[in-house]
Amino acid sequence: QVQLVESGGGLAQTGGSLRLSCAASGSIFSIGAMGWYRQAPGKQRELVARITGGGSTNYADSVKGRFTISKDNADKNTVYLQMNKLKHEDTAVYYCNAVGVHTTQSYVTDSWGKGTLVTVSS
């Protein structure tokens, strides 16, 4: 089983910053890609940012230039989402996602964390 544990959510003011972390565990051999999604109240879950095993990144248009996804240099199974210049509309539950996970015993196509709440006060 693959487990994704998010941390770093909380309350921020408009224009402020937060950094989210996601650590994947479970005897992982490799991960195809990890990403952050978010779901605001009454809205569908949407992709925020994604990083592949090779380090390629892509972002939602709404966060380009403000958010940065990166991997931990020491632990390739940990990713971060640096969120700067936060806006009220960034308020949502943020979920970590991993796809194409090879473990020592299985292949997991899609795995999700439980989510962390980010609230940006206006």
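Here the structure is shown first, and the text comes after it.
The rules behind these values
In this numbering scheme, every chain counts its residues from 1 along its sequence in written order. Given that this is a predicted model, residues contribute local features only at a pLDDT of at least 70 and side-chain atom pairs are listed and counted only at 80 or more, while totals for whole chains, interfaces and linings are drawn from all residues. Derived side-chain values reflect all non-hydrogen atoms in the structure, with water molecules and hydrogen atoms excluded from consideration. Strands are runs of DSSP state E lasting at least two residues, helices are runs of H or I lasting at least four, and both sets are numbered from the N terminus onward. Put simply, the radius of gyration uses C-alpha atoms, and a globule should come to 2.2 Å times the residue count raised to 0.38. To measure how exposed things are, a 1.4 Å probe is used in the Shrake-Rupley method; for residues, cover is taken only from the protein chains shown. Positive charges come from Lys and Arg, negative ones from Asp and Glu, while His and the chain ends are left out of the count. All charge positions are set by atom: Lys at NZ, Arg at CZ, Asp at CG, Glu at CD. Two strands make a pair as long as DSSP finds a minimum of two bridges between them. Every angle, taken between N-to-C directions, lies between 0 and 180 degrees, and every axis is a line fitted to C-alpha atoms, over only the stretch in contact when it is a helix.

Asker: Would you take a moment to explain the overall build of the protein for this structure?
Answerer: In terms of regular secondary structure, the protein is built from zero helices and 11 strands. What you see in the protein, going N to C, is helices and strands ordered as β-β-β-β-β-β-β-β-β-β-β. Over its C-alpha trace the protein gives a radius of gyration of 14 Å, about what one expects of a compact globule, namely 14 Å for 122 residues. Each of the three principal axes of the protein carries a C-alpha extent, and together these read 45 × 25 × 20 Å. Accessible area of the protein: about 6600 Å², with a carbon and sulfur share of 48%. Where the 12 positive side-chain charges of the protein centre and where its 8 negative ones centre are 2 Å apart.

Asker: Explanation requested: the sheet that holds strand E7 (residues 67-71) in the structure shown.
Answerer: Two modes of strand pairing occur in sheets, parallel and antiparallel, and in both the strands are linked by backbone hydrogen bonds. Spatially, E1-E3-E8-E7 is the arrangement adopted by the four strands of the open sheet, whose pairing is antiparallel. On the outer flanks of this sheet lie strand E1 (3-7) and E7, each paired with one strand and no other. For this sheet, the mean inter-axis angle between neighbouring strands, taken without regard to orientation, is 15°. Judged from the five bridges that link them, E7 and strand E8 (residues 78-83) form a sheet pairing that is antiparallel. Paired with Ile-69 across the strands is Leu-81, a residue of E8.

Asker: What am I meant to see in the pairing of strand E5 (residues 46-52) here?
Answerer: For a regular strand, side chains alternate in direction, first toward one face of the sheet and then toward the other. Relative to E5, strand E4 (residues 28-39) runs antiparallel, the two being bridged by six bridges. Directly across from Gly-35, in E5, lies its bridge partner Arg-50. Between the end of E4 and the start of E5, which pair antiparallel, lie six residues, with Gly-42 showing a positive phi angle near 80°. Pairing analysis gives three bridges linking E5 to strand E6 (residues 57-59), with the strands arranged antiparallel. Counterpart to Arg-50 in the pairing with E6 is Asn-58.

Asker: What's the story with the pairing of strand E10 (residues 107-112) in this structure? I'm lost.
Answerer: Across five bridges, strand E9 (residues 92-103) lies against E10 in antiparallel orientation. Each residue of the ladder has a partner; that of His-102, found in E10, is Tyr-107. Hairpin remark: E9 followed by E10, antiparallel, with three residues in the connecting loop.

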